[in-house]
Amino acid sequence: MTTANAPLSSSSPGNCTVDDTDAPNAAFHTKLFINNKPQYTSAKSGQYWTVRNPTDNSIVTEDVHCAGEEDVNDAVASSKSAFEGSWGKMASSERQKIMLKLADLLDLEYLALMKLESIAMGQPTAFGARLGALLGPIVRYYAGWCDKLPGEMQPEDGDGRFKLVRYQPLGVCAGIAAWNATLVFLCMKTMPAIAAGNTVLGLWGTSKESWFPPGVINIISGPGSTGELLASHMGIKKISYTGSVKAGRKVQVSATNSNLKRVTLELGGKSPSIIFSDANLENALENSSQNFLLNSGQVCVAATRVIIHQDIAEKFATGLKARFEMFKNTMGDPLAKETFLGPLADKAQTERVQAFFEQSKKDGVEFLTGGEINGNFVEPTIMKSPPLESSVWKEEIFGPALGIQTFRSEDEAVRLANDTNYGLSACVYTSDIARALRVSGRLESGTVAINSNFFPTVTVPFGGWKESGNGGREGGYAAVKSYLESKTITVNMDVGPR
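Residues numbered from 1 in each chain as written. Predicted model: local features only at pLDDT ≥ 70, side-chain atom pairs only at ≥ 80, totals over all residues. Heavy atoms only, no water.

One pass over the full model with this rule turns up eleven aromatic pairs. Taking 5.0 Å as the distance between ring centres and 80° as the angle between the ring planes, the aromatic pair formed by Y141 and Y142 counts as edge-to-face. Aromatic pair W145 and Y477: ring centres 4.5 Å apart, planes at 15°, arrangement stacked. Within this pair, whereas W145 is found in the loop between α5 (135–143) and β7 (152–154), its partner Y477 is found in helix α15 (residues 476–481), the two being separated by 332 residues in sequence. Classification of Y477 by relative accessible area gives partly exposed; the value is 27%. Of the aromatic side chains, those joined through ring pairs into one cluster are Y141, Y142, W145 and Y477. The ring of Y483 has K238 sitting right over it, with the charged end atom 3.8 Å from the ring centre. (Phe/Tyr/Trp six-rings, centres within 6.5 Å; stacked < 30°, edge-to-face > 60°. Helix = DSSP H or I, 4+ residues; strand = E, 2+ residues; numbered from the N terminus. Buried < 20%, exposed > 50% of the residue type's maximum accessible area, 1.4 Å probe, protein only. Lys NZ or Arg CZ within 6 Å of the ring centre and 35° of its normal.)

So this is what it looks like as structure tokens:
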């Protein structure tokens, strides 16, 4: 499998190092990793990507190699060779052993790996440690599926034929990960594909001992043009993409116009949080403040539309404002242990959020708190009763900002929640479990959390409805199945010897 999009990949010591007294040595390579060559490969495109630290806009490296057409072709050829050769012929139990070795390595090195996320996109180390601790378990979970992929058999039912169904790997697959939790996304994309017997193109390092045979996992990096090459490549059988709706459409079109490759899209969100008057207010406040503000609100499932019953709206807004203002004092260097809110990922993302704020102020939206930006640091922001057709209520901001609306009845709350093109996640807060289950069934969303924020886990499907997703799910057995092709075999039992 080949994955792409994130500019930094980690493995053995390479071109750049970052010291950390609390973690193993953090190192990253800036070249491409194709066919397990001892030395990372220079991009034949001759193009490079500059990575800046969003904390102060300082340059981390100007030397990230961007894969062009020749580089992608080389990676696909390498993956195809591995699929048709050593990896495709390897026993599932042996594939499992290799994956488990990688899981053990990630358990040891995830702090150093996640520090790269802090340097490259401003993710606070406290949140990064939480995400990094998931890497080994994700790999270990999918390793468990290697030898547990059954087929089916139907006995003959009068027609003299037995029907067998086999599930076989697709071949060469590709994954494109979003920048806000790159390593987690890459594990969620590459590991089910590998467990199913495919090979993968992606931005992900194999182990430094090269336990995987050459070509099983290739690493490339680059901008949107690299993603276009993957989505349109005739030799790739499936592509999984996480990112914006706009880019997801381009991936879908390129896949359709090439070889009709299978596509999984996990796109944006504008998630609602419905808070009924009987909800545990303290719990709702905690989830709508510190849990919402994780990664400075740069989380696809963040509940940015708070829909609260009018009887408790004033009390809730007052409490939420106090908490948001408290968290203003936790903004700072993401590498500092006391930092809760780091900068946004880069200048472009900051300018996007700023544009939302400026438009809201022109529209006369009341800011209960926040709305100020300093460098790439954005204050936690609450907007009261923004117009239902306003950009801040309808579009994904991807920053530490939410809007509040009130409702009077359950039907009104559901209508407000579903009035969006997105459908990735939703939250329901109430002490009435019957109501919680009833409302969750009416919400047009791929995931629903009751009395908490939603946080994806490896064992269950994750994805969205409407414009938030398409083409299958990531997570759980559903992810493994999305990398398998069914084959029906019929056996005529009535044919005897000649």
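Moving on, we come to the sheet that holds strand β16 (residues 366–369). Ordered in space as β16-β19-β20-β15-β14-β21-β22, the seven strands form an open sheet in which the pairing is mixed. This sheet does not close on itself; its edge strands, each paired only once, are β16 and β22 (447–450). In this sheet, neighbouring strand axes are inclined to one another by 25° on average, regardless of whether the strands run parallel or antiparallel. In terms of strand pairing, β16 meets strand β19 (residues 381–384) through three bridges, oriented antiparallel. From the neighbouring strand, F367 faces β19, where its bridge partner is M383. Where helix α10 (residues 313–327) meets the sheet, it contacts β14 (272–275), β15 (305–309), β16, β19 and β20 (401–407), and its direction lies at approximately 60° from that of β16. (Pairing = 2+ DSSP bridges. Axes fitted to C-alpha atoms, helices over the stretch in contact; angles between N-to-C directions. Contact = heavy atoms within 4.5 Å.)

Take the packing of α5 against helix α6 (residues 182–195) next. When two helices pack together, their arrangement is given by the angle between the helix axes and the distance between those axes. Contact geometry of α5 with α6 gives a least axis separation of 9 Å together with a crossing angle of 15°. The angle between the axes of α5 and α6 places the two elements in the roughly parallel class. Relative to α6, the crossing made by α5 is right-handed. Contact residues: L135, I138, V139 and Y142 in α5; L183, V184, C187, M188, M191, P192 and A195 in α6. Along the lines of polarity and charge, the residues of the contact of α5 with α6 split into eleven nonpolar, no polar and no charged. (Parallel < 35°, antiparallel > 145°, perpendicular 65-115°, else oblique. Left-handed = near helix turned anticlockwise from the far one by under 90°. Nonpolar A, V, L, I, M, F, W, Y, C, P; charged D, E, K, R; others polar.)

Interaxial distance between helix α9 (residues 281–288) and α10 falls to 10 Å at its minimum, and their mutual angle equals 45°. Of the possible angle classes, the one that applies to α9 and α10 is oblique. Crossing handedness for the pair α9 and α10: right-handed. Across from L281, E282, A284, L285, E286 and S288 in α9, the residues of α10 making contact are K315, F316, G319, L320, R323 and F324. Across the contact of α9 with α10, the residue classes break down as six nonpolar, two polar and four charged.

Pairs can form between side chains of opposite charge once their charged atoms are near each other. Evaluated as defined, the whole model comprises 20 salt bridges. Among the salt bridges present, the one from R438 reaches E410, with a minimum N-O distance of 2.8 Å. Taken as a pair, R438 in helix α14 (residues 433–442) and E410 in helix α13 (residues 410–418) lie far apart in primary sequence, 28 residues in all. Salt-bridge contacts for D411 lead to R442; the nearest nitrogen and oxygen are separated by 2.9 Å. Taken together, the residues span a long stretch of sequence, with D411 in helix α13 and R442 in helix α14 at a distance of 31 residues. Among the residues examined, R442 registers a relative accessible area of 34% and is labelled partly exposed. In this structure, a network of salt bridges that share partners links the residues D278, E410, D411, R435, R438 and R442. (Salt bridge = Lys/Arg side-chain N within 4 Å of Asp/Glu carboxyl O.)

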